[in-house]
Amino acid sequence: MNRTLPWLWASLVALVFLYAVVRAVLGISLQSNILALLPQTERDVTVQRIQDGIAKSFSRRVVFLIGHANPTKARIASRSFSFVLKQSGAISSLTTQIDPDAQRKIGAALFPYRAGLLSNADRTLLAENEGEKLVTRARATMYGPGGFASGTLFANDPFLLLPAYLLALPVPQSRLNLEDGALMVRDRGISYVLVSAELSEDAYTISFQERFDSLVKSAWTKAITEVPGTTMLRAGAIFYAHDGAREATAEISSIGLISIIGTLALLLFVFRSVRPLLLGFIAIAIGILFAFAGTLAIFGQIHVVALLLGVSLIGISVDYSLQYFCEYFDPDAKNPLDRLRLVLPGVAIGLSLTLVGYLTLLFAPFPGLRQVAIFSVIGLIGSVGTVCLWFPVLDMQSAPKLSGKLVDLAAKHWLLWESPALRYARSGIVGLCVLLAAIGACMLRADDDVRHLQSLSPELKHQEAEIRRLTGSMGGTEFLLIRGTSEQALLETEEKLIGRLSFARQQHVLDDFQAVSQFVPSVARQRENRSLVRENLIKPYLASYMSELGYAGRVDGAMTERFLTPKDLPLIGPLSLLSLLNATSGSHPAHVVLLDGVKQPGRLRTLTEQVPGVRFVDLTSDWSNLFGTYRRYALLLLVVSAGLMYPIHAWRYGWRDGAMVMVPSLSAATLAPLIGATVGIEFTFFNAMALVLVLSIGVDYSIFSRETSGVRKPVTMLAIALAALSTILSFGLLALSRVFAVHAFGMTMLIGIVLAFLLAPIAGGTTRSRAAP
Amino acid sequence: MRATAAEITPQALLPGQILRGHFVQDRQLAGFPKQLRSEGSFVLVPGRGLIWRSEAPFKNITVISRRGIVQTVGGKETMRLSAARIPGLGQLYDIMEAAVSGDTTTLEQAFTIQRTIDAHQWQLLLTPKSADVSVSQLKSLSVKGGRLVDTIDVDKGGGDVDHLTFLNSAIEPLTLSEEERSLVGSQK
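Presented here is an overview of the structure given in this document. Given the structure is predicted, the values throughout are model-derived calculations rather than measurements. (Residues numbered from 1 in each chain as written. Chains lettered and ligands numbered in written order. Predicted model: local features only at pLDDT ≥ 70, side-chain atom pairs only at ≥ 80, totals over all residues. Heavy atoms only, no water.)

**A closer look at the packing of helix 10 (residues 237-271) of chain A against helix 27 (residues 712-730) of chain A**
Helices that pack against each other are described as a pair by the angle of their axes relative to one another and the distance between those axes. Residue and element names in this part refer to chain A. At a minimum axis separation of 8 Å, helix 10 and helix 27 run at an interaxial angle of 165°. One way to sum up the angle between helix 10 and helix 27 is to call them roughly antiparallel. Where helix 10 crosses over helix 27, the two elements pack in a sense that is right-handed. Counting all contacts with helix 10, which are made through Ser259, Gly262, Thr263, Leu266, Val270 and Phe271, the residues of helix 27 involved are Leu722, Leu725, Ser726, Leu729 and Ser730. Class assignment for the residues of the contact of helix 10 with helix 27 results in six nonpolar, five polar and no charged. (Axes fitted to C-alpha atoms, helices over the stretch in contact; angles between N-to-C directions. Helix = DSSP H or I, 4+ residues; strand = E, 2+ residues; numbered from the N terminus. Parallel < 35°, antiparallel > 145°, perpendicular 65-115°, else oblique. Left-handed = near helix turned anticlockwise from the far one by under 90°. Contact = heavy atoms within 4.5 Å. Nonpolar A, V, L, I, M, F, W, Y, C, P; charged D, E, K, R; others polar.)

**Some remarks on the packing of aromatic side chains**
Residue and element names in this part refer to chain A. Counted by the stated rule, this structure contains 26 aromatic pairs over all chains. Pairing Phe159 with Tyr545 gives two aromatic rings, centres 4.9 Å apart and planes at 20°, and the pair type is stacked. With Phe159 in the loop between helix 7 (151-156) and helix 8 (161-168) and Tyr545 in helix 21 (residues 523-549), this pair connects stretches of sequence that are 386 residues apart. Note on Tyr324 and Phe391: the rings are 5.3 Å apart at their centroids and 65° apart in plane angle, and the pair reads as edge-to-face. A residue pair is termed long-range when its members are at least 10 positions apart, and Tyr324 in helix 13 (residues 317-326) and Phe391 in helix 15 (residues 367-394) qualify at 67 residues. A single burial state applies to Tyr324 and to Phe391, both of which are buried. Above the plane of the ring of Phe239 lies Arg234, whose end atom (NZ or CZ) is 4.9 Å from the centre. The lysine or arginine in question, Lys713, covers the ring of Trp414, its NZ or CZ lying 4.3 Å from the ring centre. (Phe/Tyr/Trp six-rings, centres within 6.5 Å; stacked < 30°, edge-to-face > 60°. Buried < 20%, exposed > 50% of the residue type's maximum accessible area, 1.4 Å probe, protein only. Lys NZ or Arg CZ within 6 Å of the ring centre and 35° of its normal.)

**Describing the sheet that holds strand 1 (residues 17-28) of chain B**
Residue and element names in this part refer to chain B. Taken in spatial order, the 11 strands of this open sheet run 6-5-4-3-2-1-11-10-9-8-7, and their pairing is antiparallel. With partners counted over all chains shown, the strands left at the sheet margins are strand 6 (76-82) and strand 7 (111-117), one partner each. Sheet twist, expressed as the mean angle between neighbouring strand axes with direction ignored, is 20°. Taken together, the five bridges between strand 4 (residues 60-65) and strand 5 (residues 68-73) define a ladder with antiparallel strand orientation. Bridge pairing in strand 5 places Ser65 opposite Gly68. (Pairing = 2+ DSSP bridges.)

**A closer look at the sheet that holds strand 12 (residues 614-618) of chain A**
Residues and elements named next belong to chain A. Reading across the sheet, the four strands line up as 10-11-9-12 and stay open at both edges, with antiparallel pairing between neighbours. With partners counted over all chains shown, the strands left at the sheet margins are strand 10 (512-514) and strand 12, one partner each. Across the sheet, the axes of successive neighbouring strands diverge by a mean angle of 25°, strand direction being ignored. Here helix 23 (residues 601-609) sits on the sheet in contact with strand 9 (478-483), strand 11 (590-596) and strand 12, set at roughly 160° to strand 12. In the packing of helix 24 (residues 619-653) onto the sheet, the strands contacted are strand 9 and strand 12, and the crossing angle to strand 12 comes to about 75°.

Here's what the structure looks like:
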C-alpha cells in the first residue's frame, strides 16, 4: 500500500477539522422547527411563502392568563409579570393594559373619513330605506342622559354614525371584559388577566427557547413573590417546542447512553480488546467531522433532525469497521493489509450501494432530507476512507487471541439456510413471515395526522384548552387567505365574504372572525356608503331633524374628504390586530381572515372558497396532507433506490444472481411494515424513511454474505451479526422513545434489521453454486 | 369644610333602598340657539342600574348600568353600548349613581371636591382628577341639594352643558315593577 496515502488523508482530516473549528467559532445556526424540514409545496410558491409567514407569526404569539382570587391583586401580579417580560427584549410587543384612550385615538384617526364609514347594521337599514330608525336613535341620544351628544360632534356627524361605526368594530377575545384597563375574565372565583405577547425571535430557535423559558420563570417568580396566591396559564408554540426539545434531549441522553454502553460492552466482549473500539470510534468521529463541515459549507446551517439522523446514518460505517475487525478471527488474515484486502470488495460494493440509497434522498423535495443525504454521504466517505487508509497503519499490533466459539455460533446461521436437515425450519420461517405479512396487510393503516406525529405535552395541552375555554378564542390553525391584485381588491373580496361568514357564525359553523374590511371598508363600499347616507338619510331627514332640534348652524359631513385606507389607521387597541391580518408578501397583496372556534371546517371551506380569491387554510390538515404526500414519496424513493441498486448487483453477480442477492433486503423492507402492523404500528412518513434505511443496511448484509467464501463465511457472518446488533442498539432502541416520530422510526428499524440479518444468508446461498465444480 | 351638626348632609341610600323621582334635563349644546329639554322619571337601583324614562319630547328609555348603556325607543332597542368593550363606561355609571344619590365617597375617588354647605343646602363642585380617564372628558360637575340631590350641572366643555333638575325625589324600599326588573336585571 502506498505510504503517502495515509498522510494525505491525515492532512485532509486536519484541514476539515480546521474549517469546522472556524465555523464553530463564528457561530453555528441550529434549526429545530420540524416544519423547516418540510418542502416548499410544489403548488404555489407565493401562497406557500404567505402561509409560512402566517405560520411564523402565529408561532410567535404567546398568551398568559395571570389569575388571583382578588381582581385587583391579579392586575398587580400581571403588571409585575409583564414588566419583567417587557424589560428583556425577548418580546416585540406585549399587551396587559389596553390603552384607555385607544377608543378616542381611533375615533380621531377615523374622523376625517367618517362620511364613508357605516356600521353593517346602519348600512343595512339605509339600504332598506329605514333611515328613520337612525334618526330616532340619534334624536334619543341627543336628548338622552349623559352619552356622547355634543355640539361639535353634531355639527360634523348629525346622525352620530361614526360613534356607531366605532362601537361595531370587532373585538377579539370577546369573552374578556375590560376592567381598569386590563382584559379580564372571571371563572370559579378566580379573576384572570390576559397578557398577550409577540416574541421578537423565532420560536423554534433552541437558544431563544432557553432564554425565553428562564425569562418566564423569573417573571413568574417576581409575580408570586409580590402577590402570593397568583396562578398562571400559558399557551404558545414556543412552549411546546421547548418542551419537545427538552424531552428529546433527555431521551437522547438516556437512550443514547444505553446505546453507547451496550455497543461498547458488545465490542469488548467479542474482541477482548479496546483497539477495535478506539479505531471504530476514530472512523465514526472523522465521518461526523467531515459530514458536519461539509453540510455547513453547502447549506450554511444544520437542522437538528438532520444532525441526529445523519449521525445515526454515519454510525452505519461501524459495519465496515466490523467487517475489518472480524478478520481477527480469520486464520488466513495474517496482517492488517490482509484483513483489508479480504474485506475490501464487500466494503466497496456495500458502500457504493449505501451511497446510492442515501443519495436517493437528494431527489426528495425536502430541504431537510437533502441535508440528511449530504450529511451522511460525506460522513460515510470520511468513515470508510479512514477505515481503508488508516486502519492498516494504526492497527500494527498483532491480532488479539480470540476464541473460536463466536465464529462457530455464527456458522450456525449459515447452517439454518444451507443444511438440508433444517429444510423444515426454513419453510417454517418463510411460512411464518408470509402469514404475518398477510395478517399485517389487512391491518396496515397509514397515519399522517401531524398532531399524532408530534407528541405534545399533555400538561401544556391542558393549559391551552383552559385558556381557550376562558378567553373564548386563542386563534386556531385555520384561517382564510385572501389574494388579489390590489389592497382594494382584497377588501372588496372580503366584503363579499363577510355576509357568508356572518351567516356561518349564525349557523354555529364558527364562533367569530376578524377581517381587515371590518375596520376599513373598500373605497367602493365607502362610495356606496356616502351615497346611501346622502340619498337615504341626509336628503329626506336632515332638514326636519335639524329644525326639530332647533339647530341652524352648518353641518359638515366631510363628503369631500379622502377615502380611508388601512395604512391610515393607528395600530392601537383593537386595531393592533391589523398587523396580523395583513399578509402581503413583496408585490403580492394578501390578507388573512382570522377564524375563531371553527366547528365545521369542511362546510366553512365550501362556503368561503366559492368567493374567488379566497382560500381556506388549515395549517394542521395541510401539514397532515404534506406528511401523507411525503410518506408516499418516501415509498417511491424506496422503489427508486432499489431500482438503482439492481444494475450494480447485476453488473457484479449477473442478472439472476444479482436479483437473488437483493431478496433478503427487499424482503426485510417489505415485511417490516406489515409485521409491524400486526402489533398495531401505523405506517407514517417516519416508518417509510426507516425502510429506506433498512434497504440500504440490508443490502450491505447481503453483499457481505455474497462476497465471502470458504472459511471466511462464519467470520463474515459474525461481523454481520455484530453489525445488526450494533444497529439495533443505536436505532432499534429508538422504539423506546416517547416522541412518536422517533418511536415509529425505531420500531421499523428494529423489525427490519432483525429480518435483514435473519434472511442475509439467502444472498450468500448462491456461493455454493459458484463454488460448485 | 367640615360638616357640623347644624349643617345638612346628603342622605345616602341604605342597602335595599331605591330612589325614585322626576327629572328635567336642559341640554345646552354649542351651536344650538335653544336648549334641548327632556322630561320624565327615573329609578335608581343602587348597584343594578339607573332607569331614565323620558316622556317628552318623545318617549324613550335609557338604562345605564355597570354593564353599559341600553337605549330603547317604543320597546325597540336602538342602541347598546357594552361596558365590556368601552373603557371607562362601567366607572362612568358608578359616578352617575354616586352623583344622583349624593354618594360623596365614590365621587372623591375621581374628583376633587369643593364643598359649600349651610343649614338648608349643600353644594359640591367637582373637578376631575386628571388621571382618571373615565371622567377626563368632563370639565366640571356641580351637585346641589337639600336632603336629596336637587340639581346637577354637567359641564362637558366646548360650550356643552347639561342642567338636570330633580323633582319629587323619594327614597323607597326596593319594589320594582316587572318592566323595571327586566330593565335593570337581577344581577348586581
